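Next come the chains, spelled out residue by residue.
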Amino acid sequence: MKNFITSILFSAISFLSVAQENVKPIDPRLEGLDTLLNKVLKDQHIAGFSVAIVEGDQVIYSKGFGYRDLDNKKPVTPNTLFAIGSSTKAFTSALLGLLQKEGKLSFDGNAISYLPQLRFFNDNMNNQITVRDMMTHRTGLSRYDFSWYRFNTSNRDSLISRVRYMEPTAGVREKWQYNNYMFLAQGMIAEKLTGKTWEQNIKERFFVPLDMMRSNTEMEVFKKDIDASLPYGLDGEVIKKMDYYNIDGMGPAGSINSSANDMANWLKLWISGGYYKGKQVLASEYIGEAASSQMVMAGGLPSDEKDIYMMNYGLGWMISSYRGHYKVQHGGNIDGFSASVSFFPVDRLGVVILTNQNVSQVPGIVLNSIADKLLKLNPIDWNGKALREGREAKEKDKSVKKEADGHRVLNTSPSHPFKDYTGLFDNPAYGVIDITLRNDSLFAKVGKSKVWLKHYHYDIFEWRNVNINGKPDTSSSTLRFNFSTGMDGKIANIAVPFEYGMKHTVFTRKPREVDVNTLSRYTGEYMLGTIEVKVYVKEKALYVYMPGQPEYELIASDEHDFKIKILDGYQVKFELKNSGKAETVVFIQPNGTFKASRKK
């Protein structure tokens, strides 16, 4: 027994020796990096993040920091999965790069010719916009992010149908404006040309040939993975768990989930000019095109770091200069996660940072700190700089809030009882807002979100989020609903400032669907003096007819209230008695009000 234990111990020592011999010595350029990144972890109040650094075709650093599950102290590893958000875009554009190489499309071909269900706001856009315009955010459309984020759906056809109602804020190729819908459209073009889903294409064309076997495109697969990170956000300096957010409908714009080690393989592909392990995956011509300036994002003078200023967009990549070094990069943010994927083509370096913090500065801090070391630049305290700027931003936010509150008119009341604000309000570029009354409060269902509408002043109500426990947020918001009335004095529209820099989005009241059984309460014959009026149901809609006039379809506007579909300003109101059936019908017209009683 003693000899057996000695043998096992000897084997363990021998194995340890071999393992130590195989550990790569740390690159002298990265001396002190672990200490710095642990300080960032602490100072930025982040649950965890992972980092991988590529030089040429080698990973020279790969490590996790902090926790993927804070409560259970499960550590982040280089194989931990994170949502990479908009860093997905380079994959989607690269997929089109492969299809162009195969002769299935041209970047300069008309976009709607490849995707017939895609239509823009006007014929000029339909005729002009190319695939390349969509790839470079130069279609003239601004973000319209509330349209897909708040009115979320898994149905891509439903999402893309909203584009035709999106009014442009610039001419085609006039201005760079980020728009996620244009990357959804690219993914759908790939689906149409290949007969496969975007998800299948990404897996077959990139994940498999690049050995990215940890990566996936589906939220349910991500959540079930044994080494997947939970999403977190910050409430002040307190780390709080968030809910996962499934954006599979908008997948081509941002639904890839991956690890630092997997994304390192993606960077090897770009650094090598399209090759991975000696096999060509992307055409070198595409690499050169995608990583080159296609559209100016912004102009400006050199920064405080005396850098050459450049801020352009390639194909799914942002092009800039980092202290004199050509940088290709794209970030990503989705609920509870932030990412940065970048490479320096001339220096043959790549860096990926994946975090489980919502809208985090950490990817930028870590990227710049690593770049300073690897590029042998005089180091800048990026972490300290971010802390200072964070404090300044908080002070600015306080002053902005005070200024906003200063516009509030105290001691005002809504013009109508709360019940009058309820109903369905529709905008075809977004979706339907459903407002209901619960006890003495108004609540809005906006897509999948529940919102408390707190009275602000007059007919303006403030957006307050409702958490997963059903409790409204007590902190104030700058997002407000402005209700307005029609000529009849009834609430008709809501104007909401969903998009920064754009005119307010208007949602118009629409009738709730009324079932046939309910409509039957109004049917019958009524006498208007000596004129017999008939009310009946036809094809699930309510109609009214009187001799000498056409039949008129009625559209529900409120409980027992209808509008005549083709006559603006004409209303029909039914008055019910205890029997549950209408006894009288009132016609409200510009020339007067007329009442008809049910025929005995």
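Here the structure is shown first, and the text comes after it.
The text that follows walks through the structure, step by step, so that each part is easy to find. (Residues numbered from 1 in each chain as written. Predicted model: local features only at pLDDT ≥ 70, side-chain atom pairs only at ≥ 80, totals over all residues. Heavy atoms only, no water.)

**Points about the environment of Trp 452**
- Here Trp 452 is to be found in strand β19 (residues 449-457).
- Sequence spacing of Trp 452 and Ala 393 is 59 residues, and the spatial spacing of their C-alpha atoms is 27 Å.
- In this view, Trp 452 contacts Ser 441, Leu 442, Phe 443, Glu 462, Trp 463, Arg 464, Val 466, Pro 472 and Asp 473; residues no more than four positions away in its chain are not counted. (Helix = DSSP H or I, 4+ residues; strand = E, 2+ residues; numbered from the N terminus. Contact = heavy atoms within 4.5 Å.)

**Re the packing of helix α9 (residues 181-194) against helix α10 (residues 198-207)**
- Following both chains from N to C, one finds α9 and α10 inclined at 80 degrees, their axes separated by 9 Å at the closest point. When the interaxial angle is binned, α9 and α10 end up roughly perpendicular. Residues Gly 187, Ala 190, Glu 191 and Thr 194 of α9 touch α10, and the partners they reach there are Trp 198, Glu 199 and Asn 201.
- When grouped by side-chain class, the residues that make up the contact of α9 with α10 number two nonpolar, three polar and two charged. (Axes fitted to C-alpha atoms, helices over the stretch in contact; angles between N-to-C directions. Parallel < 35°, antiparallel > 145°, perpendicular 65-115°, else oblique. Nonpolar A, V, L, I, M, F, W, Y, C, P; charged D, E, K, R; others polar.)

**Some details on the nonpolar core**
- Core analysis: the largest hydrophobic core is formed by 113 residues, its most contacted members being Phe 206, Trp 266 and Trp 270.
- Excluding residues that lie within four positions of it along the chain, Phe 206 makes contacts with Phe 91, Ala 94, Leu 95, Leu 98, Asn 201, Met 212, Trp 266, Val 281 and Leu 282.
- Leu 30, Phe 65, Phe 344 and Ile 365 belong to the second-largest nonpolar core, a separate cluster that totals 27 residues. (Core = buried A, V, L, I, M, F, W, Y, C linked by side-chain atoms within 4.5 Å. Buried < 20%, exposed > 50% of the residue type's maximum accessible area, 1.4 Å probe, protein only.)

**Re the side chain of Ser 477**
- Its place among the elements puts Ser 477 in the loop between β20 (460-465) and β21 (480-485).
- Among the polar contacts listed, one links the side chain of Ser 477 to the backbone oxygen of Trp 463, at a separation of 3.3 Å.
- If sequence neighbours within four positions are ignored, Ser 477 has contacts with Glu 462, Trp 463 and Arg 464. (Polar contact = N/O pair within 3.5 Å; in protein donor to acceptor, adjacent residues only side chain to side chain.)

**Regarding empty space enclosed by the protein**
- The tally for this structure, following the rule as stated, stands at one cavity of 30 Å³ or more.
- One number sums up the size of the largest cavity: a volume of about 90 Å³.
- Around the largest cavity sit 13 residues that line it, and Met 219, Tyr 245, Ile 247, Ser 255 and Asn 257 are the ones nearest its centre.
- Here the residues of the lining of the largest cavity are counted per class, giving six nonpolar, five polar and two charged. (1 Å grid on protein atoms, 1.4 Å probe; cavity = no way out; pocket = protein on both sides within 12 Å on 5 of 7 lines; lining within 4 Å. Points joined across faces, edges and corners; volume = space filled by probe spheres on them.)

**Describing the environment of His 325**
- You can see His 325 is positioned in strand β13 (residues 325-334).
- What makes His 325 buried here is its relative accessible area of 18%.
- Between the C-alpha atoms of His 325 and Leu 375, which are 50 residues apart in sequence, the distance is 8.5 Å.
- Setting aside anything within four residues of it in sequence, one finds His 325 in contact with Ser 320, Phe 344, Asp 347, Leu 375 and Leu 377.
- A polar contact is formed between the side chain of His 325 and the side chain of Asp 347, at a distance of 3.0 Å.

**Focus on the sheet that holds strand β16 (residues 423-427)**
- Spatial strand order, β16-β17-β18-β19-β20-β21-β22-β23: eight strands in a closed barrel with antiparallel pairing. Each strand of the sheet is rotated relative to its neighbour by a mean of 30 degrees, with strand direction disregarded.
- Direction of pairing for β16 relative to strand β23 (residues 505-510): antiparallel, over a ladder of three bridges. In the sheet register, Asp 426 faces β23, and the bridge partner there is Thr 508. (Pairing = 2+ DSSP bridges.)

**Comments concerning helix α2 (residues 33-43)**
- Along α2, the residues that are buried comprise Leu 33, Leu 37, Val 40, Leu 41 and Asp 43.
- Looking one or two residues beyond α2, the residue adopting positive phi is His 45, at roughly 50 degrees.

**Observations regarding the pairing of β19**
- Most of β19 sits out of view: seven of its nine residues are buried.
- Remark: two residues form the turn of the hairpin made by strand β18 (residues 441-446) and β19, two consecutive strands paired antiparallel; Gly 447 in that turn has positive phi of roughly 65 degrees.
- Note that β19 and β20 share six bridges and pair antiparallel. In the sheet register, Lys 454 faces β20, and the bridge partner there is Glu 462.
- Once β19 ends, the chain turns through two residues before running back antiparallel as β20, passing Tyr 458 with a positive phi of about 50 degrees.

**Topic: the packing of aromatic side chains**
- Here the structure, examined in full by the defined rule, presents 42 aromatic pairs.
- Relative to Phe 65, the ring of Phe 49 has its centre 5.1 Å away and its plane inclined at 20 degrees; by these criteria the two rings are stacked. Placement of Phe 49 in strand β1 (residues 48-55) and of Phe 65 in strand β2 (residues 58-69) is noted, with a sequence separation of 16 residues between them. When sorted by exposure, Phe 49 lands in the same class as Phe 65, which is buried.
- Taken together, the aromatic side chains of Phe 91, Phe 107, Phe 206, Phe 207, Trp 266, Trp 270, Tyr 286, Trp 317 and Phe 343 make up a single cluster linked through ring pairs.
- Stacked on the ring of Tyr 67, the Lys or Arg Lys 73 has its end atom at 5.6 Å from the ring centre.
- Sitting over the ring of Phe 443, Arg 438 keeps its end group 4.1 Å from the ring centre. (Phe/Tyr/Trp six-rings, centres within 6.5 Å; stacked < 30°, edge-to-face > 60°. Lys NZ or Arg CZ within 6 Å of the ring centre and 35° of its normal.)

**Quick word on the pattern of salt bridges**
- Following the criterion strictly, the structure yields 32 salt bridges and no others.
- When the shortest N-O distance is used, the salt bridge between Lys 599 and Glu 525 registers 3.9 Å. Of this pair, Lys 599 sits in the segment after β31 (592-598) while Glu 525 sits in strand β24 (residues 524-528); the two residues are 74 residues apart in sequence, bridging distant segments of the chain.
- With a closest N to O distance of 3.6 Å, Glu 575 and Lys 595 form a salt bridge. With Glu 575 in strand β29 (residues 571-576) and Lys 595 in strand β31, the pair connects residues that are 20 residues apart, well separated along the chain.
- A relative accessible area of 49% places Lys 595 in the partly exposed class.
- Connected via shared salt-bridge partners are Asp 27, Arg 29 and Glu 55. (Salt bridge = Lys/Arg side-chain N within 4 Å of Asp/Glu carboxyl O.)

**Here we look at the environment of Ser 557**
- Inspection of the secondary structure assignment puts Ser 557 in strand β27 (residues 552-558).
- Overall, Ser 557 belongs to the buried group, its relative accessible area being 18%.
- In this structure the C-alpha to C-alpha distance between Ser 557 and Arg 509, which are 48 residues apart in sequence, comes to 8.2 Å.
- Filtering out sequence-adjacent residues up to four positions away, Ser 557 remains in contact with Arg 509, Phe 562 and Lys 563.

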